[in-house]
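Structure assessment
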Amino acid sequence: QVQLVESGGGLVQAGGSLRLSCAASGRTLSNSAMGWFRQAPGQEREFVATISSSGGSTYYADSVKGRFTISRDNAKNMEYLQMNSLKPEDTADYYCAAAYLGFATPRPGHYGYWGQGTQVTVSS
């Protein structure tokens, strides 16, 4: 069974940075697009960023474009989210996910595996 485990969340001041990591186990995810989603208190889960299986294509939500960078290391079976210039609006639980297909996609229905989430809190 595939497992995804996020780490790197925490409390940071506005304008600061965090780097989230997602470790996959069970099988290689080198043929799967991967993504990050987040869910703020009282809100629905929303798309943040996605990356194709090869890492050659990325796509971001408008709210994080220019501030966040998604990356992956297929040799290590890892996915990352570098978050810079953090805002209080970024406060949420962040989830990594692996898709059924190989191309970058923002649609939750295309993702078959999900991590347990890691909390990010940005203070103002």
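Presented here is an overview of the structure given in this document. The structure displayed is predicted, hence computed values, not measured ones.

**Observations concerning the state of the cysteines**
- One pass over the structure, following the stated rule, counts one disulfide.
- Disulfide pairing is shown between Cys-22 and Cys-96; the S-S distance is 2.1 Å. What sets the handedness of the Cys-22 and Cys-96 disulfide is the S-S torsion sign, and at about 55° it is right-handed. Of this pair, Cys-22 sits in strand β3 (residues 18-25) while Cys-96 sits in strand β9 (residues 92-99), and the two are 74 residues apart along the sequence. Across this residue pair, the class does not change: Cys-22 and Cys-96 are buried.

**Thoughts on the packing of aromatic side chains**
- Applying the stated rule across the entire model yields five aromatic pairs.
- A ring pair is formed by Phe-37 and Phe-47, whose centres lie 5.7 Å apart and whose planes are at 70°; its orientation type is edge-to-face. With Phe-37 in strand β4 (residues 34-39) and Phe-47 in strand β5 (residues 46-51), this pair connects stretches of sequence that are 10 residues apart.
- Judged by relative accessible area, Phe-37 falls into the buried class, the value being 1%.
- In this structure Phe-47 comes out as buried when scored by relative accessible area, which is 14%.
- Between Arg-45 and the ring centre of Tyr-95, over which it is positioned, the NZ or CZ distance is 3.8 Å.
- Sitting over the face of the ring of Trp-114, Arg-45 holds its NZ or CZ atom 5.1 Å from the ring centroid.

Reading the values: rules and limits
- Residues numbered from 1 in each chain as written.
- Predicted model: local features only at pLDDT ≥ 70, side-chain atom pairs only at ≥ 80, totals over all residues.
- Heavy atoms only, no water.
- Disulfide = S-S within 2.5 Å.
- Helix = DSSP H or I, 4+ residues; strand = E, 2+ residues; numbered from the N terminus.
- Buried < 20%, exposed > 50% of the residue type's maximum accessible area, 1.4 Å probe, protein only.
- Phe/Tyr/Trp six-rings, centres within 6.5 Å; stacked < 30°, edge-to-face > 60°.
- Lys NZ or Arg CZ within 6 Å of the ring centre and 35° of its normal.

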